[in-house]
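As a plain string of letters, each chain reads:
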Amino acid sequence: MTIREANRNDLTEILQLYLYLHEESVPENTEHLQTTWDNIIDDKNHHLIVCEVDCKIVASCVCVMIPNLTRNVRPYAFVENVVTHEAYRKKGYATACLNFAKQIAEEKICP
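Residues numbered from 1 in each chain as written. Predicted model: local features only at pLDDT ≥ 70, side-chain atom pairs only at ≥ 80, totals over all residues. Heavy atoms only, no water.

Q: Is there a simple way to explain the environment of glycine 92 in this structure?
A: Within the element layout of this structure, glycine 92 appears in the loop between β4 (76-84) and α3 (93-109). In this structure glycine 92 comes out as partly exposed when scored by relative accessible area, which is 36%. C-alpha separation for the pair glycine 92 and alanine 59, spaced 33 residues apart in sequence, amounts to 9.4 Å. (Helix = DSSP H or I, 4+ residues; strand = E, 2+ residues; numbered from the N terminus. Buried < 20%, exposed > 50% of the residue type's maximum accessible area, 1.4 Å probe, protein only.)

Take a look at the structure:
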């Protein structure tokens, strides 16, 4: 098992994984999709975390660091889109992604 942040080459696999989240189909590969993907990958506050097993992405979550004016102007973390491929559930893969997100949040919020 490998936990890491997504890279530009992961889009197709992530979109396939999202079919186990709530999507009914993979979006059409349009300029809008590619621009959105580029924005996500290039955003230093947007962390799309994946879990790979045997070179296949089987779980994922998103952790976004949001600027904030409270708590001594410290950002806060928002976690969303937690998903595991149906055949890989109950093995702790999503939990591993969430723990990775927690590490990122602690590094960014509590320097």
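That covers the picture; the talk isn't over yet.
Q: Where do I start with the packing of aromatic side chains in this structure?
A: Evaluated as defined, the whole model comprises 1 aromatic pair. Where tyrosine 88 meets tyrosine 93, the ring centres are 6.4 Å apart and the plane angle is 50°; that geometry is what we call tilted. The buried category is assigned to tyrosine 93, whose relative accessible area is 14%. (Phe/Tyr/Trp six-rings, centres within 6.5 Å; stacked < 30°, edge-to-face > 60°.)

Q: It is not clear to me how a nonpolar patch on the surface should be interpreted in this structure. Could you clarify?
A: A surface patch of nonpolar side chains, amounting to about 210 Å² of accessible area, comprises Leu19, Tyr20 and Val26. Tracing the backbone through its elements, the reader meets tyrosine 20 in the loop between α1 (11-17) and α2 (31-42). On the basis of relative accessibility, which here comes to 32%, the residue tyrosine 20 falls in the partly exposed class. (Patch = residues over 30% accessible without salt bridge, like charges linked within 9 Å, V, L, I, M, F, W, Y side chains within 5 Å. Areas by Shrake-Rupley, 256 points an atom, 1.4 Å probe, with all protein chains shown as cover. Salt bridge = Lys/Arg side-chain N within 4 Å of Asp/Glu carboxyl O.)

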